[in-house]
Amino acid sequence: MKSAVETLNPTRVRLTVEVPFEELKDSLDAAYKKINQQVTVKGFRKGKIPARVIDQRFGRGAVLEEAVNDALPKFYTDAVNEAELNPLGQPEVDITELKDGETLNFTAEVDIRPSIEIPDYSGIEVEVDAVEVSDEDVEKSVEQLRERFASTSPVERAAEDGDVLTIDLQAKVDGEVLEDGVADGVSYTVGSGELLDGIDDAVKGLEAGGEATFTSELKGGSAAGKEAEVTVKVTQVAARELPELDDDFAQLASEFDTLEELQADSRKRLANMKQYDQATQAQERVLDKLLELVEVPVPEKLLEDEINTRKHNLEHHQLGQMGLDLEKYLELQGKTAEEFETETREAAVKGIKTQFVLDELVKQEKLNVSQEELTEHLMRRAASSGMSPDQFAQAVVEQGQVPLLVGEVARGKALAAVVEKATVKDTNGEIVDLDDEEDEETEATEAAATEPADAEKADDKAEEKTEG
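Residues numbered from 1 in each chain as written. Predicted model: local features only at pLDDT ≥ 70, side-chain atom pairs only at ≥ 80, totals over all residues. Heavy atoms only, no water.

Caption draft 1: Representation of the side chain of D111. Inspection of the secondary structure puts D111 in strand β4 (residues 103-112). Judged by relative accessible area, D111 falls into the buried class, the value being 7%. Among the polar contacts made by the side chain of D111, one reaches the side chain of R12 at a distance of 3.0 Å. With residues near it in sequence (within four places) discarded, D111 still touches T11, R12, N86, P87, L88, P299, K301 and L302. (Helix = DSSP H or I, 4+ residues; strand = E, 2+ residues; numbered from the N terminus. Buried < 20%, exposed > 50% of the residue type's maximum accessible area, 1.4 Å probe, protein only. Polar contact = N/O pair within 3.5 Å; in protein donor to acceptor, adjacent residues only side chain to side chain. Contact = heavy atoms within 4.5 Å.)

Caption draft 2: View of the domain arrangement of the protein. Per the domain assignment, the segments making up the protein are domain 1 (2-111), domain 2 (151-241) and domain 3 (277-445). Relative placement of domain 1 and domain 2: their C-alpha centres are 69 Å apart. (Domains from an automatic or database assignment.)

Caption draft 3: Structural context of the pattern of salt bridges. All chains considered together, the criterion is met by 33 salt bridges. The partner of D29 in a salt bridge is K25, with the nearest N and O atoms 2.9 Å apart. Within this pair, D29 and its partner K25 are both found in helix α1 (residues 25-38), separated by 4 residues, close to a single helical turn. The partner of D265 in a salt bridge is R269, with the nearest N and O atoms 3.3 Å apart. With D265 and R269 both in helix α7 (residues 259-293) and 4 residues apart, the pair spans about one turn of that helix. (Salt bridge = Lys/Arg side-chain N within 4 Å of Asp/Glu carboxyl O.)

Caption draft 4: A look at the packing of aromatic side chains. Taken as a whole, this structure holds 1 aromatic pair when the rule is applied. Their ring planes at 85 degrees and their centres at 6.3 Å tell us that F149 and F249 sit as a pair that is edge-to-face. Of this pair, F149 sits in the loop between α4 (135-148) and β6 (151-154) while F249 sits in helix α6 (residues 247-253), and the two are 100 residues apart along the sequence. Overall, the relative accessible area of 30% leaves F149 in the partly exposed class. Looking at F249, the relative accessible area reads 2%, which means it is buried. (Phe/Tyr/Trp six-rings, centres within 6.5 Å; stacked < 30°, edge-to-face > 60°.)

Caption draft 5: Just the packing of helix α8 (residues 300-322) against helix α10 (residues 337-365), in detail. Across the interface, α8 lies against α10 with an axial gap of 9 Å and an inter-helix angle of 120 degrees. What the angle tells us is that α8 and α10 run oblique. The two elements α8 and α10 cross, and the hand of that crossing is right-handed. Residues E300, L302, L303, E304, E306, I307, R310, K311 and L314 of α8 lie in contact with α10, whose contacting residues are F340, E341, T344, R345, A347, A348, V349, G351, I352 and F356. Broken down by class, the residue content of the contact of α8 with α10 amounts to 10 nonpolar, 2 polar and 7 charged. (Axes fitted to C-alpha atoms, helices over the stretch in contact; angles between N-to-C directions. Parallel < 35°, antiparallel > 145°, perpendicular 65-115°, else oblique. Left-handed = near helix turned anticlockwise from the far one by under 90°. Nonpolar A, V, L, I, M, F, W, Y, C, P; charged D, E, K, R; others polar.)

Caption draft 6: Quick peek at the sheet that holds strand β3 (residues 87-99). Taken together, the 4 strands give an open sheet; going across it, the order is β1-β2-β4-β3, and neighbouring strands pair in antiparallel fashion. With partners counted over all chains shown, the strands left at the sheet margins are β1 (2-9) and β3, one partner each. Here the average twist between neighbouring strands, direction ignored, is 20 degrees. Where β3 meets β4, 9 bridges bridge the pair, whose relative direction is antiparallel. Paired with V93 across the strands is A108, a residue of β4. (Pairing = 2+ DSSP bridges.)

Caption draft 7: Spotlight on α1. Its 14 residues place the ends of α1 20 Å apart at the C-alpha level, agreeing with the 20 Å of an ideal helix rising 1.5 Å per residue. Those residues of α1 that sit buried are S27, L28, A31, Y32, I35 and N36. In this structure, the buried side of α1 is in contact with α2 (51-58) and α3 (60-83). (Expected span 1.5 Å × (residues − 1).)

Caption draft 8: Fine view of the nonpolar core. Counting 33 residues, the largest nonpolar core has I124, V286, L290 and L361 as its most contacted members. At the level of secondary structure, the elements contributing two or more residues to this core comprise β5 (125-128), α7, α8, α10 and α13 (402-421). The residues touching L290, leaving out its near neighbours within four places in the chain, are Y121, I124, V357, L358, L361 and V418. Counting residues in each nonpolar core, the second largest holds 31 residues, with L28, Y32, Y76 and V80 among its members. (Core = buried A, V, L, I, M, F, W, Y, C linked by side-chain atoms within 4.5 Å.)

Caption draft 9: Quick peek at the environment of D248. Note that D248 resides in helix α6. Taking the C-alpha atoms as reference points, D248 and T258, 10 residues apart in sequence, are found 7.5 Å from one another.

Caption draft 10: Local environment of unusual backbone geometry. In the Ramachandran plot, E84 falls in the positive-phi region, its phi being about 55 degrees despite a non-glycine side chain. Note on placement: E84 falls in the loop between α3 and β3. Its identity as a non-glycine residue notwithstanding, D174 has a phi of 55 degrees, on the positive side. Mapped onto the secondary structure, D174 falls in the loop between β7 (164-173) and β8 (176-189). Judged by relative accessible area, D174 falls into the exposed class, the value being 75%.

Caption draft 11: Representation of the environment of L24 in the model. Note on placement: L24 falls in the loop between β2 (12-20) and α1. Here L24 falls in the buried class, since its relative accessible area comes to 0%. Setting aside residues up to four positions removed in sequence, L24 forms contacts with A71, F75 and L104.

Caption draft 12: Fine view of the pairing of β4. Among the 10 residues in β4, 9 count as buried, and that is most of the element. For β2 and β4, the ladder comprises 9 bridges, and the chain directions are antiparallel. Looking at β4, one finds that R14 is bridged to E109. Here β3 folds back onto β4, and the loop between the two strands holds 3 residues, one of which, G101, carries a positive phi near 85 degrees.

Caption draft 13: Spotlight on the packing of α10 against α13. Orientation of α10 relative to α13, taken along the N-to-C sense of each, is 80 degrees, at an axis distance of 8 Å. With respect to α13, the axis of α10 lies roughly perpendicular. Contacts from Q355, L358, D359, L361 and V362 of α10 reach α13 at A410, R411, A414, L415 and V418. Residues of the contact of α10 with α13, tallied by class, amount to 7 nonpolar, 1 polar and 2 charged.

Here's what the structure looks like:
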């Protein structure tokens, strides 16, 4: 076999392959054997029909076609390996010449990983938000905890903001009560903005026994997205009572004995959260700076596939779980279809460039992934998918997605190596030492380095496996 490579552009090549006919012998033998098992000829036992009889009865062309289809993948792979290419996706194969007993010639066009040169990145500098926890932040955190321990007691007055109501609901579309449009004994906090648009205005001022009718677009159920006439009846009005902010509350709501200890713990937790956010911000900004330094051509076919994958995941997984379609989602986001298309394309381009650059760094820095690192990453991914680690691991193995997870960890390590050499300052001009936040940094770096659509593919495959 002889092969040659023609570069069509930085991300696509054409392979021209010439195969001497004798190299098709094994595939021809296999073709005759396969046809032998599929046909019957009077006077011959099944599987014992001579090749010349098959040629006479069914045509030599059918045998050649079967043999070529069997042999092409091997010859293509051999040509790819010989040229040391990194193909992306399936090739477009064209048989240019097939002469029985003489030769098989074909071409194969395929996208390839572009050649990337990583320049010196040690001079990268980024600015991140300073970790500052104000008294107001602590006060708000404690107040939220206080809200969770609020009690309610029935009152004989009109409903006000913050009251907890017990209500009955009935929804009609085109004058007909929906089968799934009736709900009794629903608990609703006035002003929460939950349930239905317009419900707050409808119930304010109503006492127990009062009812009102309003129009609202249904968010779920059999008539999701349709305008409905909704009748709400208030059966009870209860006022929320917050516990006193004192040591007794601290003992009720936490493991601490005093309010001062609870507030100190809240300050510490808020600082940890902001440190995590700061580490995440550092990874993302260092990555953006790195991508600015590197020229990365993006294969158009790969880009289109990536865009379609992102759209599919959004529409059929994320939005589907929320009972929304793309049109409603864009309306809630205040975006046009054109803006959505532009943002999706930009995100896909960034995702592909990120994977190419970090994979090149993995190779350049000779980074390996240990079993412990892979296990830790798998545990985090399992948690984010809502599955147990055992379920997720089994599904990933059975779906052949282990290399994908290994790649995610390796890219995370590559980005961490870049971040380590970068100068990170906060908005106060202080140098940020991310080594002090090692655990947060590891998780944040892997998240920043994980190509989004690939990550979703792994989760989708794992979930499909457990559902199946």
